[in-house]
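Residue strings, one per chain:
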There are 2 protein chains.
Amino acid sequence: MCAKLREVPLRQVTVTDEFWSARQRQIAEIAVPYMERVLRDEVPGAAKSHAIENFRIAAGEAGGEFYGMVFQDSDVAKWIETASYSLLVKPDPALEARLDELIATIAKAQQSDGYLNTYFAKRPEARWTNLLECHELYCAGHMIEAAVAHHEVTGKRNLLDVAIRLADCIVERFWEGEDIPGHQEIEIGLMRLYRATGETRYRDMAKRFLDRRGQNPRYFREHTPAHPGEHFFSGADEVMDEFRSSDPYGGYDIDPDDADYNQSYAPVRKQTEARGHAVRMMYMLTAMADAAEAAGDESLRETCERLWEHIVERQMYVTGGLGGTAKGEAFLPDFELPNDTAYAETCASVAMAFFCQRMLNLTPDGRYADALELELYNGALSGMSLDGTRYFYVNPLEVVPGVAGVAPGYEHVLPERQKWLACACCPPNLARLIVAMGRCLWSESEGAIYSHLFVGSRARTALADVELTSGMPWNGGAAYVVHPRASAPFALMVRIPGWLKKFRASLNGVEIEAPVERGYLKVERIWREGDALALEFDLEPRRIHADPRVAADAGCAALARGPFVYCFEGADNPVPLRELRLPPDAELKAGENSELRVRTLRAPGERGGESVELTAIPYYAWANRGVNEMRVWLRE
Amino acid sequence: MCAKLREVPLRQVTVTDEFWSARQRQIAEIAVPYMERVLRDEVPGAAKSHAIENFRIAAGEAGGEFYGMVFQDSDVAKWIETASYSLLVKPDPALEARLDELIATIAKAQQSDGYLNTYFAKRPEARWTNLLECHELYCAGHMIEAAVAHHEVTGKRNLLDVAIRLADCIVERFWEGEDIPGHQEIEIGLMRLYRATGETRYRDMAKRFLDRRGQNPRYFREHTPAHPGEHFFSGADEVMDEFRSSDPYGGYDIDPDDADYNQSYAPVRKQTEARGHAVRMMYMLTAMADAAEAAGDESLRETCERLWEHIVERQMYVTGGLGGTAKGEAFLPDFELPNDTAYAETCASVAMAFFCQRMLNLTPDGRYADALELELYNGALSGMSLDGTRYFYVNPLEVVPGVAGVAPGYEHVLPERQKWLACACCPPNLARLIVAMGRCLWSESEGAIYSHLFVGSRARTALADVELTSGMPWNGGAAYVVHPRASAPFALMVRIPGWLKKFRASLNGVEIEAPVERGYLKVERIWREGDALALEFDLEPRRIHADPRVAADAGCAALARGPFVYCFEGADNPVPLRELRLPPDAELKAGENSELRVRTLRAPGERGGESVELTAIPYYAWANRGVNEMRVWLRE
């Protein structure tokens, strides 16, 4: 029924969109060098990283001991991935040279059999003994992703060869047996390596990990050594204590009996809901969607569709945030979406974007693009400050200074982004998503080109080159100019966002009627050079009401305009914000905030019977004006 | 300005009220024997107690080892107090004999210098070394309270003499220096011993503990041994693990740096808000009010008034519940009163009732009686099932099965009362409050008799015998018959509840006008034998709206009638309850539930635009019909 899709490769897409290209430049010019300095421990006041030093020690280039989370290596891998992609945005021979130097160190740190992990470099006997907690496969997955990215951008094989040796070592060790990773991610890496090399053993290894998962729900109980304890973090008692106090399972950092936590409680095809650690869940699903496509596995595809729907309909915050509780960084039961104690980890939103992008290549359905857009512009993007150097791990929907970050049960909800994080998974994760967001924009199939987002860009596909210009995200309207390669019919499939209720389409200036199939406007014809398809639409402010089963949002509305969900910040409104009301009939108007460079939404509101003027800003832009109150949902 | 009040002693008050005397009989006939069997480990399926066995071991009457919380002794003490009071409700020579036998064991367990604690019986070198965690003074306080109660009821000195030796041991050890208890309670015990014996050293020791507290905010950091760890619970790893996982401070059960937790962050007179562990706070305030009265200490009285107001205006749930978070069983910042993750420990409400009762004797103000009534009929009473054998430690205001007790962050919110609790502070605490509630009903001064609650009872005071009959709590109306001792003027002061807006008073059948002073109707005259003062009033159902600063209750109403706050249970209403609405103009009507033997409130409601019939029951009566949903606040 559905044409087989493939993403248009990143090198064939150029992002010209003002909003996103500015962000990409910021990542290339500010975040990549900033993160490099953090990883080299050169930023005063940032949490100690030691991640690059760990590789130098393992390579024999430096003395000393491993320091950091047991998965500290993944910070380096995600930075390499980000830095590699950034070379597409801003060529930088010096950075490329430093990457080669770092890769040489990594290659030296690799063992002769392909094994690579700096924590275990001095503990070879402990390799693979504690898959529950030790994240070796997780780190390997990220290193493989980095290698594929580096190869894709630079054409060099230096890191790719490291990754192939590492992947072969893993295939050798894990091809048979019932072992599974404690934190899903290797499956994504293996799938990407399969797509980069065409070697089916990587795809099949990924599938074996996925197929095995949950066949034995007691797997981690049976295969984790008693009270291993020592592994999760090394080198700083105070950070260790912090982790212990958040996850204390009598010597374990992770409870080996909690099979929900890492989705090993049932075979993946039997799973019907999002459960446990949100990032693990979303990484698993990303790999599953990719594997389902690569292997033509229908039952895996159905599982992905079922779980995607479950998440979007019952488990997702209006911002795209995923995971309602800090305990286990996990999903809560359906419709339990507390705003002030939300977890909504940046990484979970980033992973949801990856999952949606894979789903789009399984089934071109506008709902996947809607969710992808939601994450990109809101739940994920809020993880980074406007200047690109401060990061949120947790993305709450309500923050009250004096409570958030301080009161018992609210410690994780910080009212300000941080310079760096002891557990630094989120910053490079978000950066790699944004800098490579060109991957998310276009797909192609035999007879069609799909445009998933109104993000100004140029795409080179087999059928045609297409240019998209758009007023988005601040204004309406989008225009496509097509440069076909041959005179044959094909369809330009333009996703109409779920929030867009009214638009007019015209071809070369003449209004047209065209069908909308599964959320995509289908304009099929023999395209001629320079044909222009234009969409006219306005961005109307809109109100969102939660499912009535979400107790936390009962009687409330959230505001949105275009791709952005809005929030109310103390900087623009009378506090406490919880006393404010947005009457159901209050007219919403767009305004400006030149300091934040955003469009605001304004409305007449009420506070204790008195009229007040309410101002909302896009959610991603909150917490850029010092500590103050914030909330997304306002009582009507 | 205010006449000096004293409570009318328990022996001079007989509760005749149908609602409460049934509860008192239930405690005497069911709860006291049930708890005794629990404490003797004779109830199958209840959590192991071992509390009486610990005394037998310490007395040399049995072998074996101490088992339980480090404060397990207090369970025995609170049971003795309850059992002693129950003898007033239902004389029971066999129980009295068993009490004497138990007291003989306790006396044998007491050391020659008066020290008494079964955990430290075999660890004499560790006595008083860890006041932060080891609760020796806390247990002593409860034993002294038990002794005073036992003496008051039976006239016997066997336990009183133990208590005096114990108190003298404490005075000897703590008179000088800066030591303070890690959990307030000894101050209450010492005050009661002072009132029973007239020995001022007990009052002064209590006051020293109170005056000292917080003078050195680093006291516990400086005086707690490094990583003591071993003390908090002995004998069962799984319970130990449970406690560790809820309070992990790297070897400590209680964080020695958290001076908020036990209110040692500032001198008590400098404290302006409720902070930290709620029960500790309320026990401290109870003792402070008592000491302020006994010592005529104006600054202490002002502190009590200030903190009482702070709690009632900013920290109390509509049910009287105190303490918004399970983390540290603590108060959250002002107006943070989450309903579904509430802690609202039964003990905190019981202690608030004690505090209010002490406040009434400091200043006869109807607001204190309002809060006392709120706790008695709601926040405290909900801790026990209708049949008196199941107990809540935590009293949430919203429960969703499948979330409560299960989901991360909601583990403490159980949807069913338990047979017993590993930490068993609450059941006997509530029982002793109810069985001795006669203490809360009346006070007297030079020229006045105060009736604090419309609870049918007879009181013998210096001025007169007074009989009160009332339709409360289910119906309106109250009548006092006075039998004066002499022909001299005095005032009968009848508290008019804050919720009672309209009433008519008559004397011997003739309507009268009388002033209401600080919440008390003042009828002053030369009373003649048989004079009858009657109040006519109806119990109108009413809506309560929370302070607008309470985000969790925005747009919602709670229902109440007379002294009861109501809740909606799944057993009576369509679920999920969160979808229900109670329109602002919905008429409230009283109904009946014969199974629960309560008056219900009924109203036309709405669910997704459709009409539904809503039924509310008194909050205390929820969770008596199996696991189902419950919520107090309903959206209007």
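Residues numbered from 1 in each chain as written. Chains lettered and ligands numbered in written order. Predicted model: local features only at pLDDT ≥ 70, side-chain atom pairs only at ≥ 80, totals over all residues. Heavy atoms only, no water.

Undergrad: Can you walk me through the overall build of chain A in this structure?
TA: Counting its regular elements, chain A contains 15 helices and 25 strands. Rg of the C-alpha trace for chain A: 24 Å, near the compact-globule value of 26 Å for 636 residues, within the 12% margin. Each of the three principal axes of chain A carries a C-alpha extent, and together these read 70 × 65 × 50 Å. In chain A, which comprises 636 residues, the share counted as buried stands at 63%. Of the contacts formed within chain A by residues at least 6 apart in sequence, a portion of 70% connects residues at least 24 apart. (Helix = DSSP H or I, 4+ residues; strand = E, 2+ residues; numbered from the N terminus. Rg over C-alpha atoms; globule rule 2.2 N^0.38 Å. Buried < 20%, exposed > 50% of the residue type's maximum accessible area, 1.4 Å probe, protein only. Contact = heavy atoms within 4.5 Å.)

Undergrad: Explain the packing of helix α1 (residues 18–39) of chain B against helix α3 (residues 73–89) of chain B to me, please; I cannot follow it from the model alone.
TA: Two packed helices can be described by the angle between their axes and the distance between those axes. Residues and elements named next belong to chain B. Relative orientation of the contacting elements α1 and α3 amounts to 150°, with a least axis distance of 9 Å. For the element pair α1 / α3, the angle class is roughly antiparallel. The hand of the α1/α3 crossing is left-handed. Each of Gln24, Arg25, Ile27, Ala28, Val32, Met35, Glu36 and Leu39 in α1 lies in contact with α3, whose residues at this interface are Asp75, Val76, Trp79, Thr82, Ala83, Ser86 and Val89. Residues that form the contact of α1 with α3 fall into these classes: nine nonpolar, three polar and three charged. (Axes fitted to C-alpha atoms, helices over the stretch in contact; angles between N-to-C directions. Parallel < 35°, antiparallel > 145°, perpendicular 65-115°, else oblique. Left-handed = near helix turned anticlockwise from the far one by under 90°. Nonpolar A, V, L, I, M, F, W, Y, C, P; charged D, E, K, R; others polar.)

Undergrad: Got a minute to help me understand the sheet that holds strand β12 (residues 504–507) of chain B in this structure?
TA: All names here are of chain B. Spatially, the seven strands line up as an open sheet ordered β2-β8-β9-β10-β16-β12-β13, and their pairing is antiparallel. Looking at the sheet topology across the chains shown, the edges are occupied by β2 (13–15) and β13 (510–512). For this sheet the average axis-to-axis angle between neighbouring strands, irrespective of direction, equals 20°. For strand β9 (residues 464–470) and strand β10 (residues 478–484), the ladder comprises seven bridges, and the chain directions are antiparallel. Bridging from a neighbouring strand, Asp465 pairs with His483 of β10. (Pairing = 2+ DSSP bridges.)

Undergrad: For this particular structure, what's the right way to read the pattern of salt bridges?
TA: It is possible for side chains of opposite charge to pair when their charged atoms get near one another. Residue and element names in this part refer to chain A. Across all of its chains, the model carries 113 salt bridges over all chains by this definition. The partner of Glu199 in a salt bridge is Arg201, and the shortest N-O contact between them spans 3.0 Å. Since its relative accessible area comes to 35%, Glu199 is described here as partly exposed. When its relative accessible area of 30% is taken as the criterion, Arg201 is described as partly exposed. (Salt bridge = Lys/Arg side-chain N within 4 Å of Asp/Glu carboxyl O.)

Undergrad: Looking at this structure, I do not really get the relation of the copies chain A and chain B. What am I missing?
TA: In this arrangement, two copies of a chain are superimposed by a rotation about an axis accompanied by a shift along the axis. Under the fitted operation, chain A is carried onto chain B by 0.1 Å of movement along the axis and a turn of 180°, and the coordinates agree to an RMSD of 0.0 Å. Expressed as a symmetry operation, the mapping of one chain copy onto the other fits a two-fold axis. Considering only C-alpha atoms, the part of chain A nearest the rotation axis is Gly555(A), at 3.5 Å. Looking at chain A, 100% of its interface residues are interface residues in chain B too, so the copies touch through the same face. (Least-squares fit on C-alpha atoms with pLDDT ≥ 70 in both.)

Undergrad: Honestly, the packing of aromatic side chains in this entry has me stumped. Any pointers?
TA: What describes a pair of aromatic rings is the distance from one ring centre to the other and the angle between the planes of the rings. Overall, the coordinates contain 48 aromatic pairs over all chains when judged by the stated rule. Ring geometry for Phe71(A) versus Tyr138(A): centroids 6.0 Å apart, planes at 75°, classification edge-to-face. With Phe71(A) in the loop between β3 (68–69) and α3 (73–89) and Tyr138(A) in helix α5 (residues 136–154), this residue pair connects regions lying 67 residues apart in the sequence. Each member of the pair Phe71(A) and Tyr138(A) is classed as buried. When the ring of Tyr343(B) is compared with that of Tyr393(B), the centres are 6.0 Å apart and the planes differ by 70°; the resulting orientation is edge-to-face. Here the residue Tyr343(B) occupies a position in the loop between α12 (298–314) and α13 (346–362), and Tyr393(B) occupies one in the loop between α14 (366–379) and β5 (398–399), the gap between them amounting to 50 residues. Its relative accessible area of 7% is what places Tyr343(B) among the buried residues. A relative accessible area of 12% means that Tyr393(B) is categorised as buried. Here the aromatic residues Phe19(A), Trp20(A), Tyr377(A), Trp474(A), Phe564(A) and Tyr620(A) are joined through ring pairs into a cluster of three or more. Above the plane of the ring of Tyr194(B) lies Arg203(B), whose end atom (NZ or CZ) is 5.3 Å from the centre. (Phe/Tyr/Trp six-rings, centres within 6.5 Å; stacked < 30°, edge-to-face > 60°. Lys NZ or Arg CZ within 6 Å of the ring centre and 35° of its normal.)

Undergrad: I'm lost on the sheet that holds strand β15 (residues 520–526) of chain A in this one. Help?
TA: Strand pairing in a sheet takes place through backbone hydrogen bonds and is either antiparallel or parallel in direction. All names here are of chain A. With mixed pairing, six strands are arranged side by side in an open sheet as β1-β6-β7-β11-β15-β14. Here the strands that pair on one side only, and so sit at the sheet edges, are β1 (6–7) and β14 (516–517). Pairing of strand β6 (residues 442–445) with strand β7 (residues 448–451), which is carried by four bridges, proceeds in the antiparallel orientation. The partner of Trp442 across the bridge, within β7, is Ser451. Here helix α14 (residues 366–379) sits on the sheet and contacts β11 (489–495) and β15; the angle it forms with β11, its principal contact strand, is near 45°.

Undergrad: Is there a simple way to explain the interface of chain A and chain B in this structure?
TA: Where interface size is quoted, it is often the accessible area lost as the parts come together. On the chain B side, the residues contacting the 30 residues of chain A number 30 residues. Summing both sides of the interface, chain A and chain B together bury roughly 2,300 Å²; the carbon and sulfur share of this comes to 59%. Considering only the side of chain A, the residues that lose the most area to chain B are Glu336(A), Pro408(A) and Arg578(A), jointly responsible for 24% of the buried surface there. At the junction of chain A and chain B, the tally comes to four salt bridges. For Arg578(B), the salt bridge identified is with Glu336(A), shortest N-O distance 2.7 Å. (Buried area = accessible area lost by both parts, 1.4 Å probe.)

Undergrad: When you look at the pairing of strand β18 (residues 556–561) of chain B in this model, what are you seeing that I'm missing?
TA: The side chains of a regular strand alternate, first on one face of the sheet and then on the other. All names here are of chain B. Of all six residues making up β18, six are buried, and the element is well covered by its neighbours. Here β18 shows two buried faces, one formed by Cys556, Ala558 and Ala560 and the other by Ala557, Leu559 and Arg561. Two elements, strand β17 (residues 542–544) and β18, share three bridges in a ladder whose sense is antiparallel. In the strand pairing of β18, Arg543 is matched with Leu559. Summarising the sheet, β18 and strand β25 (residues 634–635) pair through two bridges and their orientation is antiparallel. Among the inter-strand pairings, Cys556 is bridged to a residue of β25, identified as Arg635. Pairing geometry for β18 and strand β19 (residues 564–569), over two bridges, is antiparallel. Across the sheet, Ala560 pairs through a bridge with Val565, a residue of β19.

Undergrad: Help me out: how do you make sense of the domain arrangement of chain A in this one?
TA: Taken domain by domain, chain A comprises domain 1 (58–197), domain 2 (440–470 + 477–536) and domain 3 (542–635). For domain 1 of chain A and domain 2 of chain A, the distance between their C-alpha centres works out to 39 Å. (Domains from an automatic or database assignment.)

Undergrad: Help me understand helix α1 (residues 18–39) of chain A, please; the structure alone is not making it clear to me.
TA: Residues and elements named next belong to chain A. An ideal rise of 1.5 Å per residue puts 32 Å on 22 residues; α1 measures up with 30 Å between its terminal C-alpha atoms. Most pronounced at Ile27, the bend in α1 amounts to some 40°. The N-cap residue of α1 is Asp17: its side-chain oxygen and the backbone nitrogen of Phe19 are 3.0 Å apart. Positive backbone phi, at 60°, marks Asp41, one or two positions downstream of α1. (Expected span 1.5 Å × (residues − 1). Bend = angle between axes of the 7 residues up to and from the residue. Polar contact = N/O pair within 3.5 Å; in protein donor to acceptor, adjacent residues only side chain to side chain.)

Undergrad: Got a minute to help me understand the side chain of Asn628(B) in this structure?
TA: Its place among the elements puts Asn628(B) in the loop between β23 (610–618) and β24 (630–631). Non-local contacts of Asn628(B), meaning those with residues more than four positions away in its chain, are made with Val399(B), Pro401(B), Glu569(B), Gly570(B) and Ala571(B).

Undergrad: Looking at this model, I keep getting lost on unusual backbone geometry. Mind explaining?
TA: Trans peptide bonds make up the majority, and among non-glycine residues the majority have a negative phi. With an omega dihedral of 5°, the bond running from Met472(A) to Pro473(A) counts as a cis peptide bond. Of note, Pro473(A) is situated in the loop between β9 (464–470) and β10 (478–484). Backbone torsion omega between Val575(B) and Pro576(B) reads -5°, so that peptide bond is classified as cis. Among the secondary structure elements, Pro576(B) is positioned in the loop between β19 and β20 (580–581). A positive phi angle, near 60°, is found at Asp41(A), a position not held by glycine. Along the chain, Asp41(A) falls in the loop between α1 and α2 (51–58). A positive phi angle, near 50°, is found at Ala344(B), a position not held by glycine. Note on placement: Ala344(B) falls in the loop between α12 and α13.

Undergrad: Looking at this model, I keep getting lost on the state of the cysteines. Mind explaining?
TA: Going through the model one piece at a time under the given rule, you end up with zero disulfides over all chains. Cys347(A) carries a free sulfur, and the closest cysteine sulfur to it, the one in Cys426(A), is 3.5 Å from it. (Disulfide = S-S within 2.5 Å.)

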